[in-house]
Structure formats: C-alpha cells, structure tokens
Amino acid sequence: MRPADYPPPGSYGDFVTAPSDPDEERIDVGVLIVGAGPAGLACAIRLEQLLANAPRVRERLGEVPVAVLEKGKQPGSHLLSGAVVNPRSLRRLFKGRMVIDDMPFYGPVEHEAVYVLGPRRAMRIPTPPTMRNEGNYVASLAQLGRWLGERAEEAGATILPETAGEKLLVDGSRVRGVRTGDRGRDREGGELPNFEPGSDIAARVTVLAEGTQGHLTGTALQAFGLEGSNPQIWALGVKEVWRVQRPLGRVIHTMGWPLRAAARFREFGGSFIYPMGDDMVTVGMVVGLDYRDAELSVHDLLQELKTHRLVRSIIEGGERVQWGAKTIPEGGFLSMPSRLHAPGLLITGDGAGLVNVPALKGIHYAMESGSLAAEAAFAALGPGEAPGRRGALAPYDEAIRQSFIWSDLKRVRNMRQAFGRGFYLGGAMASAMTATRGAFPPGNAQAERDASHTMVTSGRAALYPKPDGTLTFDKLSSVYLSGNRTRDDAPNHIRLQRTVPRELAQMWAHMCPAAVYAVGEGEGEVAVDVTPSNCVQCGAITAKGGRLTPAEGGSGPEYTLT
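Caption draft 1: View of the pairing of strand 15 (residues 234-243). With nine of ten residues buried, strand 15 is to be regarded as a mostly interior element. Note: strand 15 against strand 19 (residues 319-329), ten bridges, orientation antiparallel. Bridge pairing in strand 19 links Trp242 to Arg320. Pairing of strand 15 with strand 18 (residues 280-288) involves nine bridges; the strand directions are antiparallel. Bridge pairing links Leu236 to Val287 in strand 18.

The following block contains the structure:
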C-alpha cells in the first residue's frame, strides 16, 4: 500500500482564479507578503527600509505600500521551531539600527553535546562539524515572530491578521495578488450570522512566505511549472516546552533510539533539548516523513524519548506548559524549485525549501531570502520597470545563487538522501560528504515523494508508553496545550479520500500528532473519520497522501513559547 495511490480529491488548480471583485470592493496594496514568519517579516522590514529613502516609489504604491497577510491570530501564532538561530541575517537586516542584545533570545549557545541513544544507554560523541552552534542563539520562534511583527509595523508595514490566503489571483500569465478565504461558515459551508466573504487583495508584487507546506506556494509551483528536479521531502517535528526545577546549561541533540536503524523502516531523525533561560527547556523529536511503518507516531516517539534516563533527569519534577507540531522541508538544495519567481511573484523561506538539514538550520536562510526578495521587488518597482514583465523579478534568483544560502545548501545537497540507506550507512556517507565539503559522492542523489514509499506494519504501536499525565501524555491533552482556536463547527479544511485501505487509515491516525483522523470499523477498505477542529496545521497530511488547505483565518494553534 502506497499513500500516493490514494490522492486527495481536487487539485491545486482549484485555487487559481482571476480577479473578480469590482474596483470599489477590491483591496489594493503595493507589495503583498503572504505569511508573517521570519521570511515574510524580514521582507516587510527590508522593503520599508528601502522605501524610506525612495518617497516617489512609496507614493506610487498607494496608501498601503507593504501589507502582510497572516492566517494566525497574530504574528508568531503558528510559528514553531527548535530553535537555535544563526544571527547572520538578523545582523544584516538591522545593521546600524539594532544589536543582538536588543533581540528576544534566551542567550548564546555556550555548551553543547550530541548523544547516540540506546534504550538504556547514552553514548556521547564528538559534535559533527555541521551541527556546531558556536555563535548561535537559543530562541522561541513564536516570540521572535511577534517581535519581528512589531518591528515591521514600526517601520510602516500593515499586518492583516486572522486572514488566510485561499486562492492565487492570476490574470493572463502574471500573478495579481491573493483572494482571502471566507469567514463565518458552518460545517456544511452555510453562512452563519457573522459571515464575512473573502476579498481580492491586488498587488504589484506578491511574495509567498507561507513557511512549510505553503498552500499558495504549492499552487504557484504547479501553475507556473516551477517544480524542481527532485520532489520535496518532509519531516515532522513535535515539541514540548517544560518548566523545570534545574537549569540546563547546554544544548543537546540525540540520534538513534527510539528510532530503528534498519533500512527497511527508513526512520531518520533525532531529538533536541534546548535551555530557555534558567527555568524552562524545550524537548522535541523530528522524524522524516519518508518512513515506511504505518504505526510510526512522532508524538508517541517523543513520549517514549522522555522515559530515557538522560531526558527524564532533565525534566523530572517539572511541568509541561506548551506543545506543538510542524513539518520541515528536508529535500534541501536538490528539491528547490527550478525558479523562485514568476511574473509578479516571489517565493521565499521554507516554501522554497531553504533548510540545511545536517546543520538543523533554516531560520536565517528564510530571513535572508525575505530580505533578498524585498530588494528584488523594490528594484522592479522603480521608474521605467514593471514587476509583471517576464524576467523582471529574475534578479532574485541570481541573488539567491550568489548568497551563502546557495553555497551552504549545495555543500550538503546529498546528505539527507543518504540516510534512506539506513542509519549506519547513511552516517558513514554523511561523514565522507562533510570531509570532502560535498564533493563526495559526485553528482546529485534522487529522492521519492514521501507518499510514494510502500507502507508496512510492525506492531510498533504496542511499544509506545501509556500516558501517565506526568511525564507522558496523550494527543488530545497535547492539542489543548497548543492553544488551538479552531471552532468545532468550522468547515473541513483537509482534503483526503474518505474510504481507503485500513492500513492507510491507520497510518494517518498514527501519523497525525493532533488526533484528527480515526479509523472506521471493518476490514479491507474503511471509512476515515476526520475531526478538523483538532488540527494544528502541521502539514504532515500533505506529505502522506492528503492535502491541507487554509482553515478559517484566526483558527489553529496559538503558540507563545514554541
């Protein structure tokens, strides 16, 4: 059974439309940025810096020169990451205006350790060169997002929260903006008393900065033929924030247990444990979604990880205060789109796959791409130029190629794919790639879509620890700690086949960290029950046979510490 054999109904073409609102109802902005994450907010801040010295260009862009669309309640609401941040892009963005001490970090990484775990052992190993964090800072991405949002508004950008971009506005061969989703519909799509229809937001340049599994980004890649030579592959990260009794003075990464090393399971990933000041730590588990065991559950693997003496000793006696989940693009250099622009359109950050998996870093790449997108958009808006002209935004692609993003990702281009051969062989190949700075092996590895791998069952689920409410927890209590704001009667925003082989239904149920899917009765083909109000919009379903579309604006998690 392969999830790819049961594709979701409809297609990305359903989300491309021509502008339809009359002029008096249309919202006109200069540059529209979709997504108030690191890439989108860096783009907004950099644009406002450039416009501050170009009053004539600002005037041409109208009353709202820069607008940022955010589907969460506020910037940061849907942001989740480890996060140990390389400050390089922040320093460039705020050069001469702000220093690192002014930014919301918990402090620099002063000590770190990497362990290979077994069920009852923890063997410390030298930190691999790609994972060294000297000069980097521990942060909450949700907090950093809120802080960047404040800086963007101070600079002059307009942030439109609780507003989901549902369709890409395309007129002829160029992007004209975005149509937002309706609000106030019931489960069947009927209008409630507070119903508000979506609107066309027209822009001269549209920047997609939606982050991982971006809905409009997927639409644009297909609509303009921008897919790369390799499909994108994904990982799912589940993390918890704990208030602890003792400070943790180091950053910790683990590999090995509770994942299995055998190549037939294709289990690639590891854990992170980061200090957040003296009284909190964040504990997370990240696993590639190209795994093959239908009973694998990243949430439950995290619960199992916490029973290990190394992790238990850090959080024992503490209190879990927040939980969340998010996908991560892991294809790297080889899965980047063939182009990052189309007429009137730019693609940034995680939507472009700008993540260095061996280094566990993506935030500074997202911010750098946002800044470079701002500079390309600004140049295309100058006198005598038209951003809708074919090739007008091509300098953005060249700027990415000339940046450290390109050289960093190219150097590790084959590492993630190597681990499809198993933990030990993949580790040996990764070491050779590090030693040769990416020269070995020559050429480019190939990858398959996560949904294309044949699934097996192994009885793995029976080994997960039972929730005790103190150290280990079930999925529903975890969703509560995400601050989920989705209405129980909101329309279903998840597309998937509802009658599928039992093994596929089980895989979706185990995979989802938020208990959205349940397996119906019977053998053979069964019904899949969906509870969309549980969804924290992590995006895993899109990688494994379904499709996540935008939920109603303002719904989903309300992250504050993740």
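Caption draft 2: Just the packing of helix 8 (residues 363-380) against helix 10 (residues 404-411), in detail. Where helix 8 meets helix 10, the axes come as close as 10 Å, and the angle between the chain directions of the two elements is 145°. Here helix 8 and helix 10 pass one another in a crossing that is left-handed. Here His364, Tyr365, Glu368 and Ser369 of helix 8 come into contact with helix 10, specifically with Phe404, Ile405, Asp408 and Leu409. By residue class, the composition of the contact of helix 8 with helix 10 is four nonpolar, two polar and two charged.

Caption draft 3: Molecular detail of the pattern of salt bridges. All told, the structure shown has 28 salt bridges when counted by the stated rule. Of the charged contacts, one joins Glu48 and Arg58 as a salt bridge, the two residues approaching to 2.2 Å between their closest N and O atoms. Pair noted here: Glu48 is in helix 1 (residues 38-52) and Arg58 is in helix 2 (residues 55-60), with a separation of ten residues, a long-range link. On the basis of relative accessibility, which here comes to 2%, the residue Glu48 falls in the buried class. Note on Arg58: relative accessible area 25%, which makes it partly exposed. In this structure, Glu552 engages Arg487 in a salt bridge whose closest nitrogen and oxygen atoms are separated by 2.9 Å. Of this pair, Glu552 sits in the segment after strand 26 (547-548) while Arg487 sits in the loop between helix 13 (475-481) and strand 22 (494-495), and the two are 65 residues apart along the sequence. Classification of Glu552 by relative accessible area gives buried; the value is 18%. Connected through shared salt-bridge partners, Arg46, Arg92, Glu368 and Glu375 make up one network.

Caption draft 4: Inspection of the packing of aromatic side chains at higher detail. As enumerated under the stated definition, the model contains seven aromatic pairs in all. Where Phe333 meets Trp406, the ring centres are 4.8 Å apart and the plane angle is 75°; that geometry is what we call edge-to-face. Placement of Phe333 in the loop between strand 19 and strand 20 (341-342) and of Trp406 in helix 10 is noted, with a sequence separation of 73 residues between them. A relative accessible area of 16% places Phe333 in the buried class. Residue placement shows Arg320 over the ring face of Phe473; its charged tip is 3.8 Å from the ring centre.

Caption draft 5: Region of the structure containing the pairing of strand 17 (residues 269-276). Across the eight residues of strand 17, seven count as buried, placing the element largely inside the fold. Of the pairings in the sheet, the one linking strand 16 (residues 251-256) to strand 17 comprises three bridges and is antiparallel in character. When the sheet's bridge partners are listed, Ile252 is paired in strand 17 with Ile273. Here eight bridges tie strand 17 to strand 18, and the two strands are oriented antiparallel to one another. For Ser271, the partnering residue across the bridge sits in strand 18 and is Met285. The turn joining strand 17 and strand 18, which pair antiparallel and follow one another in sequence, is formed by three residues; a positive phi near 75° is taken by Gly277.

Conventions we followed
Residues numbered from 1 in each chain as written. Predicted model: local features only at pLDDT ≥ 70, side-chain atom pairs only at ≥ 80, totals over all residues. Heavy atoms only, no water. Buried < 20%, exposed > 50% of the residue type's maximum accessible area, 1.4 Å probe, protein only. Helix = DSSP H or I, 4+ residues; strand = E, 2+ residues; numbered from the N terminus. Pairing = 2+ DSSP bridges. Axes fitted to C-alpha atoms, helices over the stretch in contact; angles between N-to-C directions. Left-handed = near helix turned anticlockwise from the far one by under 90°. Contact = heavy atoms within 4.5 Å. Nonpolar A, V, L, I, M, F, W, Y, C, P; charged D, E, K, R; others polar. Salt bridge = Lys/Arg side-chain N within 4 Å of Asp/Glu carboxyl O. Phe/Tyr/Trp six-rings, centres within 6.5 Å; stacked < 30°, edge-to-face > 60°. Lys NZ or Arg CZ within 6 Å of the ring centre and 35° of its normal.

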